[in-house]
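Observations on chain architecture
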Amino acid sequence: MSLCLPTILDCPLPYVANLARRERGTINLVVIHCTELPDMETAREFGERVQDEASGTGYSGHYYVDRDGGLQCHVPLDREAHHTRGYNPRSIGIELVNRGRWPDWFDSRCQVMQESYPQAQIDALLSLLHELRDQVPTLGLIAGHEDLDRGTVAASDAPEVQVFRKRDPGPCFPWPDVIERSGLERIGLE
């Protein structure tokens, strides 16, 4: 099956110039996330928020893929987006619009992620992954945010209960299909 890359809207975040620069040759990993927010607009608003006053930056991925396959680039590849603790210098963050556990991320009663990923979204993701492999020859690995960040926090409804900080992209993400069709090797499953 031939994949045609949809148009990528260039939508840089207001603080992109404050993000650390990097060389493409240092990138070898893609980290798949879900926004855990209701829509692209809310994800954009969240990404624009300055979370670190010292650097003037916030949390974001490089690319965002909407449910209908629409693509946006919020951070260029030559900058480090803040999306996965400890992996930002070497990775590309791709956010898929999906509710995840929204709006109760840390409520112990709301930890099951049930929203599926539409085929248009997965096809756009795969097209983007193929394009990125062409642009970044050192790219060979892929992981979910949940694979790399296994930290826990106290549940918001029951502080004595620990819940995972990150569960994305979650159980509805079609890992076998994405691995087979992307040619990338999944890491972080230990």
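Preceding this paragraph is the structure being described.
One structure accompanies this document, and this report is about it. (Residues numbered from 1 in each chain as written. Predicted model: local features only at pLDDT ≥ 70, side-chain atom pairs only at ≥ 80, totals over all residues. Heavy atoms only, no water.)

1. Side note on the overall build of the protein chain
- Across its full length, the protein chain holds four helices and nine strands.
- Helices (α) and strands (β) of the protein chain occur, in sequence order from the N terminus, as β-β-α-β-β-β-α-β-α-β-β-α-β.
- Taken along its principal axes, the extent of the C-alpha atoms in the protein chain is 45 × 40 × 30 Å.
- Buried positions account for 47% of the 190 residues belonging to the protein chain.
- Of the roughly 9100 Å² of accessible surface on the protein chain, 50% is carried by carbon and sulfur atoms.
- Between the mean site of the 19 positive side-chain charges and the mean site of the 30 negative ones, the protein chain shows a separation of 3 Å. (Helix = DSSP H or I, 4+ residues; strand = E, 2+ residues; numbered from the N terminus. Buried < 20%, exposed > 50% of the residue type's maximum accessible area, 1.4 Å probe, protein only. Areas by Shrake-Rupley, 256 points an atom, 1.4 Å probe, with all protein chains shown as cover. Lys, Arg positive; Asp, Glu negative; His and termini not counted. Charge placed at Lys NZ, Arg CZ, Asp CG, Glu CD.)

2. Thoughts on the environment of Thr35
- Take Thr35: it is sitting in the loop between strand 2 (29-34) and helix 1 (40-48).
- Sequence spacing of Thr35 and Gly61 is 26 residues, and the spatial spacing of their C-alpha atoms is 9.4 Å.
- With near-sequence residues (within four places) excluded, Thr35 lies in contact with Ala43, Tyr64, Glu95, Leu96, Val97 and Asn98.
- A polar contact of 3.2 Å, which involves the side chain of Thr35, links it to the backbone nitrogen of Asn98. (Contact = heavy atoms within 4.5 Å. Polar contact = N/O pair within 3.5 Å; in protein donor to acceptor, adjacent residues only side chain to side chain.)

3. Re helix 4 (residues 175-182)
- All of the buried residues in helix 4 are Trp175, Val178 and Ser182. The buried residues of helix 4 all sit within an arc of 70° when viewed along its axis, so they share a single face. Residues of helix 4 that are exposed and point more than 90 degrees away from the buried face comprise Pro176 and Glu180.
- Residues of helix 4 that are buried sit in contact with strand 2, helix 2 (119-135), strand 6 (141-144), helix 3 (145-148) and strand 9 (185-186).
- Phi turns positive one or two residues past the end of helix 4, at Gly183, with a value near 75°. (Arc of directions from axis to C-beta.)

4. So, the packing of aromatic side chains
- This structure, assessed with the given rule, holds two aromatic pairs.
- When the centroid spacing of 5.5 Å and the interplanar angle of 90° are considered together, the rings of Tyr117 and Phe173 count as edge-to-face. Within this pair, whereas Tyr117 is found in the loop between strand 5 (91-96) and helix 2, its partner Phe173 is found in the loop between strand 8 (162-164) and helix 4, the two being separated by 56 residues in sequence. Just as Tyr117 is buried, Phe173 falls in that class too.
- Centre to centre, the rings of Phe173 and Trp175 are 4.8 Å apart; their planes meet at 75°, and the pair counts as edge-to-face.
- Using a relative accessible area of 4% as the deciding quantity, one classes Phe173 as buried.
- Chaining the aromatic ring pairs together yields one cluster made of Tyr117, Phe173 and Trp175.
- Taking the ring centre of Phe164 as reference, the NZ or CZ of Arg150 above it sits at 4.5 Å.
- The side chain of Arg186 reaches across the aromatic face of Trp175, ending 3.9 Å from its centre. (Phe/Tyr/Trp six-rings, centres within 6.5 Å; stacked < 30°, edge-to-face > 60°. Lys NZ or Arg CZ within 6 Å of the ring centre and 35° of its normal.)

5. Structural notes on the side chain of Asn98
- With respect to the secondary-structure elements, Asn98 resides in the loop between strand 5 and helix 2.
- Classification of Asn98 by relative accessible area gives buried; the value is 1%.
- Within the local environment of Asn98, its side chain forms a polar contact with the backbone nitrogen of Gly100, the two atoms lying 2.8 Å apart.
- Of the polar contacts made by the side chain of Asn98, one reaches the backbone oxygen of Glu115; its length is 3.1 Å.
- In this view, Asn98 contacts Cys34, Thr35, Glu36, Leu37, Arg67, Glu115, Ser116 and Tyr117; residues no more than four positions away in its chain are not counted.

6. Quick notes on the environment of Ser116
- For Ser116, the location among the structural elements is in the loop between strand 5 and helix 2.
- Along the backbone, Ser116 and Pro12 are 104 residues apart, and their C-alpha atoms lie at a distance of 28 Å.
- Those residues in contact with Ser116 that sit more than four places away from it in its chain are Asn98 and Cys172.

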